[in-house]
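# An overview of the molecular structure
These are the residues of each chain, in order.
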Amino acid sequence: MLEQKNLEEFKLALEKERDLLVKELETIATPDPNVKGDWDIKHSEWGENQITSQEELESGESVNEIDEDMKNKSLSDSLELRLRDVNDALVRIENGTYGICDFCKKEISIERLRANPAAKTDMEHAG
Ligand SMILES: [Zn+2]
């Protein structure tokens, strides 16, 4: 079993990571008011510093703008996933099920939790 001081250490690390993830998500997305834990990306505005070629002007759509949206979408997806894992881990700390492998129910090593406090599995069942 993890000691209380270890649990507190991981809780702090997770809360810190959650705050960072939320901050990062907020720069590219807004929380979906209808779906808890879901974020909608902000669509890029027609920025002044966007390089616009003649062809793009003629086609009426900026390739850069679409690229930017796609980049933000995949970034926000990965941040969202990570945020979900971090929140799950915080719930498990509250439930007293933190640090237990999802597959074999064995304890996850403290070294692994230090490397990734949101880990849901032990080394054997990683990935
Ligand atoms: Zn396992």
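The rules behind the values
Residues numbered from 1 in each chain as written. Predicted model: local features only at pLDDT ≥ 70, side-chain atom pairs only at ≥ 80, totals over all residues. Heavy atoms only, no water. Helix = DSSP H or I, 4+ residues; strand = E, 2+ residues; numbered from the N terminus. Buried < 20%, exposed > 50% of the residue type's maximum accessible area, 1.4 Å probe, protein only. Contact = heavy atoms within 4.5 Å. Areas by Shrake-Rupley, 256 points an atom, 1.4 Å probe, with all protein chains shown as cover. Donors = N, O, S within 2.8 Å, 3.2 Å for Na, K, Ca; no water. Polar contact = N/O pair within 3.5 Å; in protein donor to acceptor, adjacent residues only side chain to side chain. Salt bridge = Lys/Arg side-chain N within 4 Å of Asp/Glu carboxyl O. Core = buried A, V, L, I, M, F, W, Y, C linked by side-chain atoms within 4.5 Å. pLDDT = per-residue confidence, 0-100.

### Overview of the overall build of the chain
When you go through the chain residue by residue, the secondary structure sums to four helices and two strands. Counting over 127 residues, the chain shows a buried share of 29%. Across the chain, the fraction of contacts at a sequence separation of at least 24, relative to all contacts at a separation of at least 6, is 52%. Of the roughly 8800 Å² of accessible surface on the chain, 53% is carried by carbon and sulfur atoms.

### Quick word on the coordination of the zinc ion
Surrounding the zinc ion are the protein donor atoms C101 (SG), C104 (SG), D122 (OD), D122 (OD) and H125 (ND1), which sit 1.9 to 2.6 Å from the metal. Along the chain, the residues donating to the zinc ion are arranged with the sequence spacing C-x2-C-x17-D-x2-H. Judged by relative accessible area, which is 1%, C101 ranks as buried.

### Details of the side chain of T121
Looking at the element boundaries, T121 is found in the segment after α4 (110-115). We classify T121 as buried; its relative accessible area is 10%. Reaching out from T121, the side chain makes a polar contact with the backbone oxygen of H125 at a distance of 3.4 Å. With residues near it in sequence (within four places) discarded, T121 still touches C101, D102, F103, I108, R112 and A126.

### Describing the pattern of salt bridges
Across all of its chains, the model carries ten salt bridges by this definition. With a shortest N-O distance of 3.4 Å, K71 and E68 are connected by a salt bridge. Of this pair, K71 and E68 both sit in helix α3 (residues 63-95), separated by three residues, roughly a single helical turn. Among the residues examined, K71 registers a relative accessible area of 52% and is labelled exposed. The salt bridge partner of K73 is D77, with a shortest N-O separation of 2.9 Å. With K73 and D77 both in helix α3 and four residues apart, the pair spans about one turn of that helix. For D77, a relative accessible area of 33% translates into the label partly exposed. Taken together, the shared-partner salt bridges connect D85, D88 and K120 into one network.

### Considerations on the nonpolar core
Ranked by internal contacts, the top residues of the largest apolar core, which has 22 residues, are L2, L14, L25, A29, V86, Y98 and L113. For this core, the secondary-structure elements that each account for two or more residues are α1 (4-28), β2 (39-41) and α3. Sequence-distant contacts of L113, that is, excluding residues within four places in its chain, are made with L2, F10, Y98, G99, I108 and A119.

### Some remarks on the confidence of the model for the chain
Per-residue confidence for the chain gives a mean pLDDT of 88, with 84% of residues at or over 70. Highest mean pLDDT in the chain belongs to α1 (97); lowest belongs to helix α2 (residues 54-59) (62).

### Quick notes on the side chain of N6
Here N6 lies in helix α1. Judged by relative accessible area, N6 falls into the buried class, the value being 9%.

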